[in-house]
Amino acid sequence: MELKKHNPLFLDSTQPVGDKLITNVELLDASLAPGESLYLEVTDSFGVQQKFALKTVATKKSVRHSAELWLNQNEQIKYRFLLISAGAELLSTAEKTALAGGAISEKWDPATTVKASAVPKAKKATPKAPKSSEIKKTATIKSQGLLGTAQDYQQMKFLLGELE
């Protein structure tokens, strides 16, 4: 369900822009497994992100999840709904925009899936013992590395002296 645009002729002129208003949020058709919870992630016009927990309200006909947010009147916000389990994001809806101060009512329609089991696990590499010829090569490189480091230090000192 899309948000209806506000008619500017019927805005409450007694409240200046920037006053906090309650924005009612509801999410329909979402089912939760044990240990899962729903959140609303809101990004305001300054880029500040906040997460709000949704409360479950069960009736005879349906189950909905709702929240009341205090947001600045007529502020443009971005929002998305998140399904979180054990502190990890499992599903989320697509990010949408709205004007704060009205009501946000949507059906649960996850757009992205993030699962920890989908991430491939890194294989553990077993360290190999170096050959004697490799040990001699690294020893000479390390001794040359100290000389190179001293030269780099002198060059940096020279460059910093030019900046002063």
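Structure first, text after, so check above.
This structure is a prediction, so every number in the text was calculated from the model and none was measured.

K.L.:
Please clarify how the side chain of E41 should be interpreted in this entry.
P.N.:
Looking at where E41 falls in the secondary structure, it is placed in strand β2 (residues 36-43). Judged by its relative accessible area of 7%, E41 is buried. At a separation of 2.8 Å, a polar atom in the side chain of E41 contacts the side chain of R80. Among residues more than four places away in sequence, those in contact with E41 are Q49, Q50, K51, K78, Y79, R80 and L82.

K.L.:
Would you mind going over unusual backbone geometry with me for this structure?
P.N.:
Glycine aside, residues mostly have negative phi, and peptide bonds are mostly found in the trans state. Here D29, not a glycine, exhibits a phi torsion of approximately 60°, which is positive. Note that D29 resides in the loop between β1 (20-28) and β2. Residue D29 is classed as exposed on the basis of its relative accessible area, which comes to 51%. The phi dihedral of A86 is positive, around 55°, even though this residue is not glycine.

About the criteria used
- Residues numbered from 1 in each chain as written.
- Predicted model: local features only at pLDDT ≥ 70, side-chain atom pairs only at ≥ 80, totals over all residues.
- Heavy atoms only, no water.
- Helix = DSSP H or I, 4+ residues; strand = E, 2+ residues; numbered from the N terminus.
- Buried < 20%, exposed > 50% of the residue type's maximum accessible area, 1.4 Å probe, protein only.
- Polar contact = N/O pair within 3.5 Å; in protein donor to acceptor, adjacent residues only side chain to side chain.
- Contact = heavy atoms within 4.5 Å.

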